[in-house]
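Summary of the model geometry
If you want the building blocks of each chain, they are given just below.
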Amino acid sequence: MSNRTESYLVGLVGDGVMPSLSPHMHEREGDLQGLRYLYRPIDLLELGLPATSIGDLLQSASRMGFNGLNITHPCKQLVLEHLDEIAPDAERLGAVNTVVIQDGRFIGHNTDFSGFAAALASGLPDAKLDRVVQLGAGGAGSAVAYALLTAGVQTLDLVDMDPARSAERAAELAVFFPDRVITGRPTAALPQLMAQADGMVHCTPVGMAAHPGTPLDMALVEPRHWVADIVYRPIETELVREARAKGCDVLDGGRMAVGQAADAFRIFTGLDADAERMRAHFLELIAAEEVAV
């Protein structure tokens with residue numbers, strides 16, 4: 001798969017994917033590596049297709065010579081039943097966001113968790129990981145929690161507006177990490193949890209352009225904490241900006257987005273992407289968006 005004379009045809013399937021920056025990042029990296037690399041958004045809303053059409057779309061992509069597809073909301077779980085093989089981490093998470101098409105077979109991977117793991121390693125290499133608070137236990141939160149535990153977090157406190165969801169997620173993760181302490185907690189527990197934590201990761205929509213604000217009382221954030229956000233539109237969320245102003249080490253959401261893209265590029269082509277180069281391009285794209293607005 002690493003023959004540089006090959007061409008690559010890749011797509012992104014999901015609802016509302018037309019504004020995605022993935023095509024730009026993948027195609028630019030392909031160009032710089034001397035590849036013929038095309039990456040096309042396949043927007044279910046634009047096409048008027050239901051999420052359950054993902055199986056038919058996979059078959060169509062295979063017939064049309066696609067090398068693979070990235071899969072996003074609302075198809076990450078629905079795609080599972082249509083795959084021939086699933087990478088162990090993706091199987092544990094019960095979600096796939098990257099599918100390689102090889103000889104008519106569909107092989108699923110999850111670069112949400114590996115993308116965050118890479119972001120943490122590159123952006124906060126010295127982060128203390130004894131005890132971490134994570135806000136949000138939804139789909140993205142599942143992958144981030146798995147990445148945190150894989151990275152060595154000893155105690156992970158999952159906090160969600162829906163305490164039943166955080167408790168359920170904690171129980172699922174405890175099966176795979178029996179030697180760790182994983183708790184599901186309500187938001188009312190945040191003052192106590194932040195006082196004990198080394199750092200926190202934010203995995204809810206708060207801070208996006210359409211959902212301004214911070215996800216917790218910033219008085220709970222101390223300079224000794226490190227703070228990571230997975231929101232990247234805008235790249236400087238209120239959480240990141242205010243945490244940095246307090247003296248915290250911070251990780252913006254762009255690093256996870258780039259980590260996901262770099263991992264998917266490698267899975268599709270067999271070639272390592274230059275993650276720092278991709279991040280520089282990503283920041284250019286975000287800056288251009290913000291100027292346009």
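Look up: the structure comes first, before these words.
This text gives an overview of the structure that appears in the document. Because the structure is a prediction, the values reported are computed rather than measured. Each chain carries its own residue numbering, running from 1 in the written order of its sequence. Since the coordinates come from a predicted model, pLDDT governs what is reported: local features require at least 70, and pairs of side-chain atoms require 80 or more to be given and counted, while whole-chain, interface and lining totals use all residues. Excluding hydrogens and water, the side-chain values take into account all heavy atoms of the structure.

Right, let's get into helix 10 (residues 254-269). The end-to-end C-alpha separation of helix 10 is 22 Å, in line with the 22 Å expected for 16 residues at 1.5 Å each. Exposed residues in this analysis have more than 50% of their type's maximum accessible area, buried residues have under 20%, and partly exposed residues fall in between, with area computed by a 1.4 Å probe over protein chains only. By definition, any uninterrupted DSSP run of H or I lasting at least four residues is a helix, any uninterrupted run of E lasting at least two residues is a strand, and each is numbered from the N terminus. The element helix 10 is extensively covered by neighbouring structure, given that 13 of its 16 residues are classed as buried. In the segment just after helix 10, G270 is the residue with positive phi, at about 80°. Helices are assigned an expected span. That span is 1.5 Å times one less than the residue count.

Moving on: the pattern of salt bridges. Every case where a carboxyl oxygen of Asp or Glu lies within 4 Å of a side-chain nitrogen of Lys or Arg is listed as a salt bridge. This structure, assessed with the given rule, holds 17 salt bridges. Across the pair R165 and D160 runs a salt bridge whose closest N-O atoms are separated by 3.2 Å. D160 sits in the buried class, given a relative accessible area of 5%. R279 is the partner of D252 in a salt bridge, and the nearest nitrogen-oxygen pair spans 2.7 Å. Taken together, the positions of D252 in the loop between strand 12 (249-251) and helix 10 and R279 in helix 11 (residues 275-292) put the pair 27 residues apart, joining distant regions of the chain. Neither residue differs from the other here; D252 and R279 are each classed as buried. In this structure, a network of salt bridges that share partners links the residues K128, D130 and D198.

This part covers the sheet that holds strand 1 (residues 7-14). Between any two strands, at least two bridges found by DSSP are needed for them to pair. Sheet architecture is open: 6 strands sit in the order 2-1-3-5-6-4, paired in mixed fashion. Strands with a single pairing partner mark the edges of an open sheet, and in this sheet they are strand 2 (36-43) and strand 4 (85-86). For strand 1 and strand 2, the ladder comprises 8 bridges, and the chain directions are parallel. Residue pairing in the sheet places V10 in a bridge with Y39 of strand 2. Across the sheet, helix 1 (residues 22-32) touches strand 2 and strand 3 (68-71), and the angle it forms with strand 2 is around 170°. Two residues form a contact once any of their heavy atoms are found within 4.5 Å. Here the axes come from fitting lines to C-alpha atoms, over the contacting stretch only for helices, and the angles between their N-to-C directions go from 0 to 180 degrees.

Further remarks concern the sheet that holds strand 10 (residues 199-202). Pairing within the open sheet is parallel, and its 6 strands lie in the order 9-8-7-10-11-12. Every other strand in the sheet has two partners, leaving strand 9 (181-185) and strand 12 as the edge strands with one partner each. Strand-to-strand twist across the sheet, computed as the mean angle between neighbouring axes with direction ignored, equals 15°. Contacts from helix 5 (residues 111-123) reach strand 10, strand 11 (226-229) and strand 12 within the one sheet, and its direction differs from that of strand 12 by about 150°.

Turning to helix 3 (residues 54-63), its buried residues are I54, G55, L57, L58 and A61. On an axial view of helix 3, the arc spanned by its buried residues comes to 160°, and they lie on one face. Opposite the buried face of helix 3, by more than 90 degrees, sit the exposed residues D56 and R63. On its buried side, helix 3 packs onto strand 1, strand 2, helix 2 (44-47), strand 3, strand 5 (98-102) and strand 6 (105-109). Positioned one or two residues after helix 3, G65 has a phi angle of 85°, which is positive. Directions from the helix axis toward the C-beta atoms define the arc.

Attention now goes to unusual backbone geometry. Cis geometry marks the peptide bond from H73 to P74; its omega dihedral reads 10°. In this structure, P74 sits in the loop between strand 3 and strand 4. Omega for the bond connecting R233 with P234 falls within 30 degrees of zero, at 10°, which places this linkage in the cis form. Topologically, P234 is positioned in the loop between strand 11 and helix 9 (238-246). If you check the backbone angles, D103 has positive phi at about 50° while not being a glycine. Locating D103 in the fold gives a position in the loop between strand 5 and strand 6.

This part takes up the packing of helix 5 against helix 6 (residues 139-151). One can describe the packing of helix 5 onto helix 6 by two numbers: an axis separation of 8 Å at closest approach and a directional angle of 50°. One element, helix 5, and the other, helix 6, form an angle in the oblique class. For the element pair helix 5 and helix 6, the recorded crossing hand is right-handed. Here helix 5 contributes D112, F113, F116, A117 and L120 to the contact with helix 6, which in turn contributes A143, V144, Y146, A147, L148 and A151. Roughly parallel covers angles under 35 degrees, roughly antiparallel covers those over 145, roughly perpendicular covers 65 to 115, and oblique covers all other angles. Each crossing is labelled by how the near helix is turned from the far one, with a counterclockwise turn of less than a right angle marking it left-handed and a clockwise turn marking it right-handed.

This brings us to the environment of R40. As for its position among the elements, R40 is in strand 2. Note on R40: relative accessible area 40%, which makes it partly exposed. R40 sits 23 residues away from V17 along the chain, and the two C-alpha atoms are 9.8 Å apart. Not counting the four nearest positions on each side in its chain, R40 is found in contact with V10, G11, L12 and E27. A polar atom in the side chain of R40 sits 3.0 Å from the side chain of E27. In protein, a polar contact requires one atom able to donate a hydrogen and another able to accept it; more generally it is a pair of N or O atoms within 3.5 Å, and residues adjacent in sequence count only if both atoms are side-chain atoms.

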